[in-house]
Amino acid sequence: MSIKARDNLSRLDIAKKIKKKFSFSTKFAESFIDDIFVTITNEITNFKKLKIKDFGSFNISQKKSRAGRNPKTNEIFEIKKRNVVNFKTSKIFLKKLND
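So, here is what we can say about the structure in this document. (Residues numbered from 1 in each chain as written. Predicted model: local features only at pLDDT ≥ 70, side-chain atom pairs only at ≥ 80, totals over all residues. Heavy atoms only, no water.)

### A word on unusual backbone geometry
Phi is mostly negative for residues that are not glycine, and the peptide bonds are mostly trans.
Thought 1: For Ser23, which is not a glycine, the phi torsion comes out positive at approximately 60°.
Thought 2: Tracing the backbone shows Ser23 in the loop between helix 1 (11–22) and helix 2 (26–47).
Thought 3: Of note in this structure, Asp54 is not a glycine but carries a positive phi near 65°.
Thought 4: Among the secondary structure elements, Asp54 is positioned in the loop between strand 1 (49–52) and strand 2 (56–63).
Thought 5: For Asp54, a relative accessible area of 38% puts it in the partly exposed group. (Helix = DSSP H or I, 4+ residues; strand = E, 2+ residues; numbered from the N terminus. Buried < 20%, exposed > 50% of the residue type's maximum accessible area, 1.4 Å probe, protein only.)

Structure, rendered in structure tokens:
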């Protein structure tokens, strides 16, 4: 199976696909997509985890602080600890990717 490479998929691209499939107005489709992303972001932020059935799960993990180096000046500085979002695909999604 050959997969086409795509640079980006914007919210507007998704809204256009929803508009076309369900005959919604562009404004409604954009609002719908924005609401989905806000909901996902809030759930991950508030509960540190989000599982979407048959798609995958998002988890927040914390990276420890560490020493970094500017390659131009060789100056050493501290990279502060921070939260990162990890995504793990579901088995069903992986199966679809590999069929």
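Back to the write-up after that little detour.
### So, the pattern of salt bridges
Thought 1: Under the definition given, this model contains two salt bridges.
Thought 2: Asp34 is the salt-bridge partner of Arg11, the closest N and O atoms lying 3.0 Å from each other. Separated by 23 residues along the polypeptide, Arg11 in helix 1 and Asp34 in helix 2 bring together distant segments of the chain.
Thought 3: Across the pair Asp54 and Lys53 runs a salt bridge whose closest N-O atoms are separated by 3.9 Å. (Salt bridge = Lys/Arg side-chain N within 4 Å of Asp/Glu carboxyl O.)

### A few points about the packing of aromatic side chains
Thought 1: Going through the model one piece at a time under the given rule, you end up with six aromatic pairs.
Thought 2: With a centroid separation of 5.7 Å and 25° between ring planes, the pair formed by Phe22 and Phe24 is classed as stacked.
Thought 3: Residue classification places Phe22 among the partly exposed positions, given a relative accessible area of 48%.
Thought 4: Note on Phe55 and Phe87: the rings are 5.4 Å apart at their centroids and 50° apart in plane angle, and the pair reads as tilted. Of this pair, Phe55 sits in the loop between strand 1 and strand 2 while Phe87 sits in strand 5 (residues 82–89), and the two are 32 residues apart along the sequence. (Phe/Tyr/Trp six-rings, centres within 6.5 Å; stacked < 30°, edge-to-face > 60°.)

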